[in-house]
Structure formats: C-alpha cells, structure tokens
Amino acid sequence: MSANSPAAVVVLAAGGGTRMKSNRLPKVLHEVCGRSLVGHAVAAAEELTPEQLVVVIGHMREKVAEHLVAHHPGARAVVQAEQNGTGHAVRTALETLAADGIELDGTVIVTTGDAPLLTGGTLRALADAHAGQGNGVTVLTAVVPEPFGYGRILRDEADGAVAAIVEEKDASDAQRAIDEINSGVFAFDAKLLVGALAEVTTDNAQGEEYLTDTLEILRRAGHRVGAVVAADYRDILGINDRVQLAHARRLLNDRLLERAMRAGVTVVDPATTWFDVQVSYEPDAVVLPNTQLQGATHLGEGSEVGPNSTLKDTRIGAGARVSNTTADGAEVGELATAGPYAYLRPGARLARKAKVGTYVEVKNSELGEGAKVPHLSYIGDATIGEGTNVGAASVTVNYDGVNKHRTVIGAHCRTGSDNMFIAPVTIGDGAYTAAGSVITNDVPAGGLGVGRAQQRNIAGWVERKRPGTTSAQAAAAASEPAAEVPAEG
C-alpha cells in the first residue's frame, strides 16, 4: 500500500436500477466498453491501492457477488439486505468491517457503482485535496452545462467551503442557476464518518438514511466541508437507463481511441471504430473503418486490421494484415494475413507469414511459418507444417459424433482441392494429395495420397432418363453431325 492510500473505498452498488428495464441483469452489471459498470468503479478504486475495497451489493446480489469474484477478487462484497438509503449502505459496510476487527483510520472514499467514466486520477485528486485541506468531508463536484435534476453546491463566500447541498425540488430560482453539482462521491475522515452516520435519521420523505445528511452533521460539529471540482464534468455522469448507457459508451470509446491515436495508432474512422478498455497496441498499427476490438486484443507494431472486422482476445503480430475477419481467442503472427471473410476461432494460431484466405474457418489449429489455406476451407483440430499449401474447399473431418480427432499435415506439403482429411490422419513432410480425395489413411513423407473412385461415363444417359428436358435437347443437338459447308468458287 502507498503511504497516501485511503483506508477504504466503498462502492455503492446495491440499487435496483429499475429504469434499465432489465429482468436479467442488475444495473451495475451492464457493460460499457468491455467492462461492467461496477467493474469500472472497482478498477478506478484499485488505482488508489486502498487498504480495504468494499462493494455494497443488494439487488440480484448473487449475480453481482459472482461477477466480483470472477473479475475483481480483490474487492469484498457486503450485502445491504434492504436498500434503506446511501447512509445505511455505508454504515453496513463499516459495521461489517468492524465486526471482522477492522477499524479504519484515515480517509474513506465513497463512490458509486454506476459511473463508468470516473477515473482513478479523479479519485486521487479528491483524496489528495481532502488530506491537504484537513476537511472532515470533501465532496467531488462538477460544473455542468445542464444542471437540471442535480443537487446544487452552495459555497461559503468567505472560504469556499461547502455550506449545503440543495436538491432540485428544494432549490430557489437563484440556487437553480448554480451550475456546480454534487456527484455523490465523497472523501471522509473515517472516525468522523462513523460518528456522523450514527446521527443520521430517517426523518425524510423516503424514510431512508441519506449519506448527504452527514455533511450537515459534520459542519454543525465544526468540521470543514470541502469540495473538489472534477477536471472533466463527464467523469461523474451516472447511468440510469439505456440511453445514458449508450452515451457513456460513446464518451468512453472516444477517450480510448484518443489515447490510442496519441500513442501512435492510426484510427481511420473513429465514428465506426470501437475499443474495449483492455485493448493494447504498439505504434504504427492501423485500424480501418467498422472495426471492433474487444477483450484483451493486442495490435502489434505496423499491423493493420479491418475494415469490417471484430477481434476478441486476439493477438495480431507486427506487420500482420487482417481484413473483414471475425476472430476470437486467436493469434495472428508477424507478417501473417487473414481474410477477407475469415473466421478464426479459439486456438487458431498463425505463425509468421502464414495465410488464411477467403471464407476459411480455423479452430484449435496451428499453421506453420508460411503455410497457406487460401480458399473455402475448414481447418479444425489440425497442425499444418511450414510452407504447406492446402487446396481450396478442403475440410479436416475432426468430429466423429462423439470425440474430436486431430489432423497433422507436415511441412512443404501440397494438398489437392476438395480434400476431406478423415481424422485422425497424418500427411508426411513433402507429401501431395490428389484433388477430390477422401484421405482416410496416413500418407508417407514424399508420397502421393489418392482417395477417389474410378470415374466412368454412361453414354446417352440424359436422353434416356431425362427426355424432354433442356439438358436432353442440348445433348441431342450436340450429337447431331455438323452440316457440310459448300466450298467457295
């Protein structure tokens, strides 16, 4: 832990989010740029390396707890069985820690689980200002172009401290003109917070314990209530419905693309390009229009992806080219190519200068250096050696209805078009297979595998079996002797 690390960060994520109109997911598990809303809140909090990181959960708590274990195991879930207000949520978190013998001493940051644009840098600025100014509590505020609906910050004219937070419905006309608003994110002195929460009542229209009541309690006790204005007002934007979810996704995506471009990535059309937060890249990568990079996708130096490509958890090597391709859990090596219209499924690995061409699907297979599968093929559960060329319309028949089997094609092989490789089968180094073959047995190194029936032609079959058809008429016309052309002169 850093010497300036807060004693705790408490993320409030218990609400139902009814305006999301979702029966399947709690609000905080809806995703923005590859991470859940609560995941963004936890990731920002983790940048502060707090001694304790607590997420208060309630609505659909089993799903949220399961998500935290899977994606953020360092966060501790605390259940607020009944949602009795933000003050009650924070009190529940602190009482749970205290029951485990954890007494907090220092700064406690309280943040929300539905503000995906809030950054660790903004939280750090809040924590530093709180400690530097010696406040009892410090409010994160923002100056917004449209403050309607938010609580307004009233400041003391003498020292700039927060005198009060007035909600929209209670504000005068003059107060409604104030454009500095409350974000719902606070920094508290831990011991003062515990004492103030003990004084919070439910004497209000909702019958709930409001965390904001602690500000007045601490102010009356003579403690300063400070404020820090977020550098970017959009940091504090919360999500209440799917319209706001889409708006946040656009804003965060713009931030991610700007970061990539400033790091040396060319994004040809930012309006049609989407990045997840885990995407990484090296200089001189190029992203063409209508491309989505998801999960932990990585772009190597000088690589080019797109247009019209969706890559998830996929590594693209330096100088590689991927066009009109869908890839999931794949690896495209240095100077390799994929597409157009390729499908790289999990476990597809293309070595240096390998090629997967048009309408080719690859699953759980390795292509050696310079190996090529140019056209109309399915390669599943296979190993293809360096320099090998697989003919068009080839299939590794890997599934027998119960188990998967592997095909091994050696180095510098030439397999014919329209081959079926009935796995398990091995084609030795330097071997050939004839076009149209069904290969059921191993082919030795340097051998030629032929697995097709002897062709025979049945003369006159169409005219006998399909009389009156256009085919029969064409056949009859072709059978007539050519008319003699009289000699000139």
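Residues numbered from 1 in each chain as written. Predicted model: local features only at pLDDT ≥ 70, side-chain atom pairs only at ≥ 80, totals over all residues. Heavy atoms only, no water.

Q: Got a minute to help me understand the packing of aromatic side chains in this structure?
A: Geometry of an aromatic ring pair is reported as the spacing of the ring centres plus the angle between the planes. Enumeration according to the criterion identifies 3 aromatic pairs in this entry. Ring centres of Phe275 and Tyr281 lie 6.2 Å apart, and the angle between their planes is 40°; this geometry places the pair in the tilted category. For Phe275, a relative accessible area of 2% gives the class buried. Above the plane of the ring of Trp274 lies Arg250, whose end atom (NZ or CZ) is 4.3 Å from the centre. Directly above the ring of Tyr399 sits Lys404, whose terminal nitrogen or CZ lies 5.5 Å from the centroid. (Phe/Tyr/Trp six-rings, centres within 6.5 Å; stacked < 30°, edge-to-face > 60°. Buried < 20%, exposed > 50% of the residue type's maximum accessible area, 1.4 Å probe, protein only. Lys NZ or Arg CZ within 6 Å of the ring centre and 35° of its normal.)

Q: What am I meant to see in the pairing of strand 9 (residues 162-166) here?
A: Where strand 8 (residues 152-155) meets strand 9, 4 bridges bridge the pair, whose relative direction is antiparallel. What sits directly across from Arg155, in strand 9, is Val162. Where strand 8 folds back on strand 9, the antiparallel hairpin that results is connected by 6 residues, among which Gly160 adopts a positive phi of roughly 80°. (Pairing = 2+ DSSP bridges. Helix = DSSP H or I, 4+ residues; strand = E, 2+ residues; numbered from the N terminus.)

Q: For this particular structure, what's the right way to read the environment of Glu209?
A: Turning to its location among the elements, Glu209 is positioned in the loop between helix 6 (190-199) and helix 7 (213-220). Taking relative accessible area as the criterion, Glu209 reaches 10% and is therefore assigned buried. Once the C-alpha coordinates of Glu209 and Gln83 are considered, the two residues, 126 residues apart in sequence, prove to be 9.6 Å apart. If sequence neighbours within four positions are ignored, Glu209 has contacts with Asn84, Gly85, Thr86, Gly87, His88, Arg91, Val200, Thr201 and Thr202. A polar contact is formed between the side chain of Glu209 and the side chain of Arg91, at a distance of 2.7 Å. (Contact = heavy atoms within 4.5 Å. Polar contact = N/O pair within 3.5 Å; in protein donor to acceptor, adjacent residues only side chain to side chain.)

Q: When you look at the pattern of salt bridges in this model, what are you seeing that I'm missing?
A: Pairing between side chains becomes possible if they bear opposite charge and their charged atoms approach one another. On inspection of all chains with the given rule, the structure shows 22 salt bridges. Its salt-bridge partner being Asp254, residue Arg250 comes within 3.2 Å of it at the nearest N-O pair. In this pair, Arg250 and Asp254 are both assigned in helix 8 (residues 242-262), 4 residues apart and thus about one turn of the helix distant. Using a relative accessible area of 25% as the deciding quantity, one classes Arg250 as partly exposed. A relative accessible area of 36% places Asp254 in the partly exposed class. With its nearest N and O atoms 2.7 Å apart, the salt bridge here joins Arg345 to Glu361. Within this pair, whereas Arg345 is found in the loop between strand 25 (342-344) and strand 26 (349-350), its partner Glu361 is found in strand 28 (residues 361-363), the two being separated by 16 residues in sequence. Residue class for Arg345 comes out partly exposed when judged on its relative accessible area of 25%. (Salt bridge = Lys/Arg side-chain N within 4 Å of Asp/Glu carboxyl O.)

Q: Is there a simple way to think about the packing of helix 3 (residues 86-99) against helix 6 in this case?
A: Describing two packed helices takes the angle between their axes plus the distance from one axis to the other. The geometry of helix 3 relative to helix 6 is characterised by a closest axis approach of 10 Å and an angle of 125° between their N-to-C directions. Taken together, the axes of helix 3 and helix 6 are oblique relative to one another. The two elements helix 3 and helix 6 cross, and the hand of that crossing is left-handed. Facing helix 3, whose interface residues are Gly87, Val90, Arg91 and Leu94, helix 6 presents Leu193, Val194 and Leu197. Here the residues of the contact of helix 3 with helix 6 sort into 5 nonpolar, 1 polar and 1 charged. (Axes fitted to C-alpha atoms, helices over the stretch in contact; angles between N-to-C directions. Parallel < 35°, antiparallel > 145°, perpendicular 65-115°, else oblique. Left-handed = near helix turned anticlockwise from the far one by under 90°. Nonpolar A, V, L, I, M, F, W, Y, C, P; charged D, E, K, R; others polar.)

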